[in-house]
Amino acid sequence: MTKPGTLNKGYLGVYVVGSQALISTLIPVILLCVAGKAAALAALVGGWIAVLANLYFAIQAFRFSGARASQEMVRAFYRGEAGKFVIVMLLFIAAFKLLPGVRESAAYLFSAFFVVYGVAWLAPLVLREQ
């Protein structure tokens, strides 16, 4: 019988955030060829908003491990989620205030954000299959 894997494996965070970074870079390259520069820029910003927020969460969530650190793990997960929410809101506000043309390409910004965010749900399933 095999031992169950622990929840707190740091490589899972690296795998998920790395997968998100790859996808958030590929989407704008494809859009640059298909839809133009403004769409590619909006998609790049939207994708990297998701990556940066999840990077913060991964750093917080995978700081502690082991049964003795269970309370710290729970606090770190809450801190990571709260921080992720704040980061996403601040970066969206900054994108709409500071980048010209983002309002016209908002569909690309939000689409890339949600696609990259979806990678966080799919990457662990792909990793589990390997």
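Everything below is about the structure printed above this text.
An account of the accompanying structure is given in this report. (Residues numbered from 1 in each chain as written. Predicted model: local features only at pLDDT ≥ 70, side-chain atom pairs only at ≥ 80, totals over all residues. Heavy atoms only, no water.)

**Quick look at the overall build of the protein**
Each helix and strand in the protein was counted, giving four helices and zero strands. Listing the helices and strands of the protein from first to last along the sequence gives α-α-α-α. Here the protein holds 130 residues, and the buried ones make up 34% of them. Counted over contacts in the protein with a minimum sequence separation of 6, partners at least 24 positions apart contribute 72%. Carbon and sulfur atoms provide 71% of the accessible area of the protein, an area that totals close to 8500 Å². (Helix = DSSP H or I, 4+ residues; strand = E, 2+ residues; numbered from the N terminus. Buried < 20%, exposed > 50% of the residue type's maximum accessible area, 1.4 Å probe, protein only. Contact = heavy atoms within 4.5 Å. Areas by Shrake-Rupley, 256 points an atom, 1.4 Å probe, with all protein chains shown as cover.)

**Observations concerning the nonpolar core**
Val45, Ile49, Val88, Phe92, Leu109 and Phe113 are the most contacted members of the largest nonpolar core, which totals 15 residues. Contributions of two or more residues to this core are made by helix H2 (37–61), helix H3 (70–98) and helix H4 (106–129). With seven residues, the top contributor of residues to this core is H2. Once residues within four sequence positions are removed from consideration, leucine 109 is found in contact with Ala42, Ala43, Val45, Gly46, Phe92, Phe96 and Val102. (Core = buried A, V, L, I, M, F, W, Y, C linked by side-chain atoms within 4.5 Å.)

**Some details on the packing of H2 against H3**
The geometry of H2 relative to H3 is characterised by a closest axis approach of 8 Å and an angle of 160° between their N-to-C directions. If you check the angle between H2 and H3, you find them roughly antiparallel. In this structure, the crossing between H2 and H3 has a hand that is right-handed. For the pair formed by H2 and H3, the contact residues are Val45, Ile49, Leu52, Ala53, Asn54, Tyr56, Phe57, Gln60 and Ala61 on the first element and Ala76, Phe77, Arg79, Gly80, Glu81, Gly83, Lys84, Ile87, Val88, Leu91, Phe92 and Ala95 on the second. (Axes fitted to C-alpha atoms, helices over the stretch in contact; angles between N-to-C directions. Parallel < 35°, antiparallel > 145°, perpendicular 65-115°, else oblique. Left-handed = near helix turned anticlockwise from the far one by under 90°.)

**Description of the pattern of salt bridges**
Applying the stated rule across the entire model yields one salt bridge. For lysine 84, the salt bridge is made with glutamate 81, and the minimal N-O distance between the two is 3.3 Å. Separated by three residues within a single helix, lysine 84 and glutamate 81 lie in helix H3, roughly one turn from each other. (Salt bridge = Lys/Arg side-chain N within 4 Å of Asp/Glu carboxyl O.)

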